[in-house]
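Residue-level listing of the chains:
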Amino acid sequence: MEKARILQASTSEVYGDPEMHPQTESYWGRVNPIGIRSCYDEGKRAAECLMMDYSRQNHVDVKIVRIFNTYGPRMALNDGRVVSNLIVQALKGEEMTVYGDGSQTRSFCYVDDLIEGLIRMMNSPGGFTGPVNLGTPHEFTILQLAQTLLGMTGSPSRIIFKPLPQDDPIQRRPDITLAREKLDWEPRIQFSEGLEKTIAYFRQMI
Ligand code: UDP
(Lines give C-alpha, C1' and ligand atoms only; values in the text may rest on other atoms or scores of the structure.)
Protein backbone atom coordinates (compact mmCIF):
# COMPACT_ATOMS: atom_id res chain seq x y z
CA MET A 1 0.00 0.00 0.00
CA GLU A 2 1.33 3.38 -0.96
CA LYS A 3 1.79 5.80 1.89
CA ALA A 4 -0.12 9.07 1.78
CA ARG A 5 1.63 12.23 0.70
CA ILE A 6 1.61 15.12 3.12
CA LEU A 7 1.59 18.76 2.04
CA GLN A 8 2.88 21.35 4.45
CA ALA A 9 1.52 24.81 3.69
CA SER A 10 4.52 26.74 4.97
CA THR A 11 5.07 30.43 4.46
CA SER A 12 7.35 33.19 3.25
CA GLU A 13 7.36 34.27 6.92
CA VAL A 14 10.10 31.67 7.49
CA TYR A 15 12.41 34.21 5.79
CA GLY A 16 11.49 36.86 8.37
CA ASP A 17 12.76 40.34 7.49
CA PRO A 18 15.14 39.09 4.78
CA GLU A 19 18.65 40.30 3.98
CA MET A 20 18.55 38.39 0.72
CA HIS A 21 16.34 39.71 -2.05
CA PRO A 22 14.51 38.08 -3.75
CA GLN A 23 14.31 35.09 -1.45
CA THR A 24 15.45 31.67 -2.65
CA GLU A 25 14.66 28.45 -0.80
CA SER A 26 18.32 28.07 0.18
CA TYR A 27 18.18 31.29 2.24
CA TRP A 28 17.81 30.46 5.94
CA GLY A 29 15.96 33.61 6.88
CA ARG A 30 16.14 36.33 9.50
CA VAL A 31 13.42 35.88 12.08
CA ASN A 32 13.23 37.61 15.45
CA PRO A 33 12.74 34.58 17.74
CA ILE A 34 11.05 36.54 20.55
CA GLY A 35 9.06 39.20 18.69
CA ILE A 36 5.28 39.48 18.40
CA ARG A 37 5.29 37.71 15.03
CA SER A 38 7.61 34.95 16.17
CA CYS A 39 4.91 32.52 17.32
CA TYR A 40 3.81 32.31 13.69
CA ASP A 41 7.22 32.53 12.02
CA GLU A 42 9.03 30.19 14.39
CA GLY A 43 5.99 27.91 14.55
CA LYS A 44 6.13 27.45 10.80
CA ARG A 45 9.91 26.98 10.86
CA ALA A 46 9.57 24.31 13.55
CA ALA A 47 6.84 22.64 11.48
CA GLU A 48 9.19 22.42 8.49
CA CYS A 49 11.82 20.86 10.74
CA LEU A 50 9.36 18.29 12.12
CA MET A 51 8.08 17.48 8.62
CA MET A 52 11.61 16.84 7.37
CA ASP A 53 12.51 14.70 10.41
CA TYR A 54 9.28 12.75 10.02
CA SER A 55 9.96 12.23 6.33
CA ARG A 56 13.54 11.02 6.99
CA GLN A 57 12.53 8.77 9.87
CA ASN A 58 9.40 7.20 8.40
CA HIS A 59 10.07 7.58 4.67
CA VAL A 60 6.83 9.45 4.21
CA ASP A 61 6.52 11.54 1.07
CA VAL A 62 6.41 15.05 2.49
CA LYS A 63 5.99 18.11 0.28
CA ILE A 64 6.74 21.58 1.63
CA VAL A 65 5.64 24.77 -0.08
CA ARG A 66 6.39 28.27 1.15
CA ILE A 67 3.38 30.36 0.28
CA PHE A 68 3.90 34.07 -0.33
CA ASN A 69 1.15 36.69 -0.02
CA THR A 70 -2.01 35.37 -1.66
CA TYR A 71 -5.33 37.09 -2.33
CA GLY A 72 -8.60 36.60 -4.13
CA PRO A 73 -12.34 36.08 -3.80
CA ARG A 74 -13.63 34.40 -0.62
CA MET A 75 -11.21 36.08 1.72
CA ALA A 76 -13.11 37.03 4.86
CA LEU A 77 -14.23 40.66 5.05
CA ASN A 78 -12.49 41.03 8.40
CA ASP A 79 -9.47 38.92 7.45
CA GLY A 80 -7.20 41.82 8.39
CA ARG A 81 -4.75 41.40 5.54
CA VAL A 82 -3.88 44.28 3.32
CA VAL A 83 -5.72 43.44 0.08
CA SER A 84 -9.05 42.68 1.77
CA ASN A 85 -8.73 45.58 4.23
CA LEU A 86 -8.02 48.16 1.54
CA ILE A 87 -10.71 46.91 -0.87
CA VAL A 88 -13.39 46.78 1.83
CA GLN A 89 -12.43 50.23 3.11
CA ALA A 90 -12.48 51.65 -0.44
CA LEU A 91 -15.88 50.12 -1.22
CA LYS A 92 -17.35 51.46 2.03
CA GLY A 93 -15.84 54.90 1.47
CA GLU A 94 -13.86 54.56 4.68
CA GLU A 95 -10.30 55.71 5.31
CA MET A 96 -7.81 53.30 3.76
CA THR A 97 -5.22 52.27 6.33
CA VAL A 98 -1.61 52.11 5.17
CA TYR A 99 0.77 51.02 7.92
CA GLY A 100 4.08 52.88 8.13
CA ASP A 101 4.85 55.07 5.12
CA GLY A 102 3.68 52.36 2.72
CA SER A 103 7.14 51.85 1.21
CA GLN A 104 7.32 48.23 2.39
CA THR A 105 6.80 45.77 -0.44
CA ARG A 106 4.91 42.54 -0.99
CA SER A 107 4.33 40.33 -4.06
CA PHE A 108 0.72 39.19 -4.39
CA CYS A 109 -0.34 35.90 -5.96
CA TYR A 110 -3.89 35.23 -7.14
CA VAL A 111 -5.52 32.29 -5.39
CA ASP A 112 -6.16 30.20 -8.55
CA ASP A 113 -2.48 30.37 -9.48
CA LEU A 114 -1.48 29.32 -6.00
CA ILE A 115 -3.85 26.33 -6.02
CA GLU A 116 -2.43 25.19 -9.37
CA GLY A 117 1.02 25.29 -7.75
CA LEU A 118 -0.17 23.21 -4.80
CA ILE A 119 -1.67 20.58 -7.12
CA ARG A 120 1.53 20.42 -9.18
CA MET A 121 3.60 20.03 -6.02
CA MET A 122 1.43 17.14 -4.84
CA ASN A 123 1.80 15.49 -8.27
CA SER A 124 5.59 15.96 -8.36
CA PRO A 125 7.87 12.90 -8.24
CA GLY A 126 8.18 10.99 -4.96
CA GLY A 127 11.15 12.04 -2.87
CA PHE A 128 10.98 15.67 -3.96
CA THR A 129 10.22 17.38 -0.66
CA GLY A 130 10.99 21.00 -1.52
CA PRO A 131 10.63 23.44 0.14
CA VAL A 132 9.41 25.32 -2.91
CA ASN A 133 8.46 28.99 -3.03
CA LEU A 134 5.00 29.66 -4.47
CA GLY A 135 4.24 33.29 -5.15
CA THR A 136 4.48 36.06 -7.69
CA PRO A 137 7.82 37.63 -8.56
CA HIS A 138 6.22 41.07 -9.13
CA GLU A 139 6.70 43.39 -6.21
CA PHE A 140 4.59 46.40 -5.21
CA THR A 141 4.78 48.87 -2.36
CA ILE A 142 1.76 48.95 -0.08
CA LEU A 143 1.19 52.60 -0.99
CA GLN A 144 1.15 51.66 -4.71
CA LEU A 145 -1.43 49.00 -3.89
CA ALA A 146 -3.64 51.48 -2.02
CA GLN A 147 -3.43 54.01 -4.86
CA THR A 148 -4.19 51.33 -7.46
CA LEU A 149 -7.25 50.17 -5.53
CA LEU A 150 -8.42 53.74 -5.07
CA GLY A 151 -8.33 54.19 -8.84
CA MET A 152 -9.92 50.83 -9.65
CA THR A 153 -12.84 51.23 -7.24
CA GLY A 154 -13.41 54.92 -8.03
CA SER A 155 -13.78 55.38 -4.28
CA PRO A 156 -13.94 58.78 -2.53
CA SER A 157 -11.86 57.28 0.33
CA ARG A 158 -8.61 58.88 1.41
CA ILE A 159 -5.43 57.09 2.40
CA ILE A 160 -4.32 57.49 6.02
CA PHE A 161 -1.06 56.30 7.60
CA LYS A 162 -0.96 54.23 10.78
CA PRO A 163 1.99 52.91 12.82
CA LEU A 164 3.93 50.05 11.26
CA PRO A 165 3.51 46.83 13.28
CA GLN A 166 6.65 45.53 14.99
CA ASP A 167 8.89 43.27 12.84
CA ASP A 168 6.87 43.99 9.70
CA PRO A 169 9.13 42.81 6.84
CA ILE A 170 10.41 45.67 4.67
CA GLN A 171 10.50 43.76 1.43
CA ARG A 172 9.38 40.39 0.18
CA ARG A 173 9.56 38.79 -3.24
CA PRO A 174 9.96 35.12 -4.08
CA ASP A 175 12.57 33.69 -6.39
CA ILE A 176 10.47 31.04 -8.19
CA THR A 177 13.24 29.46 -10.26
CA LEU A 178 12.78 26.14 -8.43
CA ALA A 179 9.00 26.07 -8.99
CA ARG A 180 9.55 26.83 -12.68
CA GLU A 181 12.13 24.04 -12.97
CA LYS A 182 10.51 21.32 -10.88
CA LEU A 183 6.81 22.04 -11.32
CA ASP A 184 6.78 23.92 -14.62
CA TRP A 185 4.74 26.49 -12.70
CA GLU A 186 4.49 30.23 -12.67
CA PRO A 187 1.58 32.59 -11.97
CA ARG A 188 -0.60 33.43 -14.99
CA ILE A 189 -3.11 35.96 -13.68
CA GLN A 190 -2.12 39.62 -14.00
CA PHE A 191 -2.39 41.65 -10.80
CA SER A 192 -4.97 44.02 -12.34
CA GLU A 193 -7.16 41.07 -13.44
CA GLY A 194 -6.94 39.39 -10.05
CA LEU A 195 -7.76 42.63 -8.25
CA GLU A 196 -10.81 43.18 -10.52
CA LYS A 197 -12.14 39.74 -9.59
CA THR A 198 -11.48 40.36 -5.91
CA ILE A 199 -13.14 43.77 -5.96
CA ALA A 200 -16.18 42.25 -7.73
CA TYR A 201 -16.41 39.61 -5.01
CA PHE A 202 -16.27 42.11 -2.16
CA ARG A 203 -18.82 44.39 -3.89
CA GLN A 204 -21.45 41.68 -3.62
CA MET A 205 -20.46 40.88 -0.02
CA ILE A 206 -20.87 44.41 1.29
N1 UDP B 1 -0.93 46.56 5.91
C2 UDP B 1 -1.39 47.86 5.73
N3 UDP B 1 -2.71 48.13 5.98
C4 UDP B 1 -3.60 47.17 6.38
C5 UDP B 1 -3.12 45.84 6.55
C6 UDP B 1 -1.78 45.57 6.31
O7 UDP B 1 -0.63 48.77 5.34
O8 UDP B 1 -4.78 47.51 6.58
C9 UDP B 1 0.48 46.27 5.58
C10 UDP B 1 1.23 45.44 6.61
O11 UDP B 1 1.81 46.27 7.62
C12 UDP B 1 2.28 44.77 5.75
C13 UDP B 1 1.58 44.58 4.39
O14 UDP B 1 0.50 45.51 4.39
O15 UDP B 1 3.39 45.62 5.55
C16 UDP B 1 1.04 43.18 4.20
O17 UDP B 1 0.30 42.81 5.33
P18 UDP B 1 -0.53 41.47 5.41
O19 UDP B 1 -1.02 41.34 6.83
O20 UDP B 1 -1.55 41.44 4.32
O21 UDP B 1 0.53 40.33 5.08
P22 UDP B 1 2.00 40.02 5.69
O23 UDP B 1 2.43 41.12 6.62
O24 UDP B 1 1.83 38.72 6.38
O25 UDP B 1 2.88 39.96 4.50
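Basis of the calculations
- Residues numbered from 1 in each chain as written.
- Predicted model: local features only at pLDDT ≥ 70, side-chain atom pairs only at ≥ 80, totals over all residues.
- Heavy atoms only, no water.
- 1 Å grid on protein atoms, 1.4 Å probe; cavity = no way out; pocket = protein on both sides within 12 Å on 5 of 7 lines; lining within 4 Å.
- Points joined across faces, edges and corners; volume = space filled by probe spheres on them.
- Helix = DSSP H or I, 4+ residues; strand = E, 2+ residues; numbered from the N terminus.
- Nonpolar A, V, L, I, M, F, W, Y, C, P; charged D, E, K, R; others polar.
- Pairing = 2+ DSSP bridges.
- Axes fitted to C-alpha atoms, helices over the stretch in contact; angles between N-to-C directions.
- Contact = heavy atoms within 4.5 Å.

Considerations on the layout of surface pockets
- Here the largest pocket is characterised by a volume of approximately 760 Å³.
- The wall of the largest pocket is formed by 32 residues, among which N69, R81, V82, R106 and R172 lie closest to the centre.
- Put simply, the parts of the chain that give the lining of the largest pocket at least two residues each are β1 (6-11), α1 (38-58), β3 (70-71), α2 (82-92), β4 (96-99) and α3 (111-122).
- Of the residues contributing to the lining of the largest pocket, the split by class is 15 nonpolar, 10 polar and 7 charged.
- Approximately 220 Å³ is the volume found for the second largest pocket.
- Every residue lining the second largest pocket is counted, 13 residues in all, and those nearest its centre are T136, H138, P187, I189 and Q190.

Structural notes on the sheet that holds β1
- With parallel pairing, the 3 strands of this open sheet are ordered in space as β1-β2-β7. In this open sheet, the two edge strands, each paired with only one partner strand, are β1 and β7 (132-134). Geometrically, the sheet is characterised by an average inter-axis angle of 30° between neighbouring strands, direction not taken into account.
- One ladder, built from 3 bridges, connects strand β2 (residues 62-67) with β7; its direction is parallel. Paired with V65 across the strands is V132, a residue of β7.
- In this fold α1 packs onto β1 and β2, with an angle of close to 150° to the strand it touches most, β1.
- Against the sheet, α3 makes contact with β1, β2 and β7, and its axis sits at roughly 160° relative to β2, the strand it touches most.

That is the geometry; function is a separate question.
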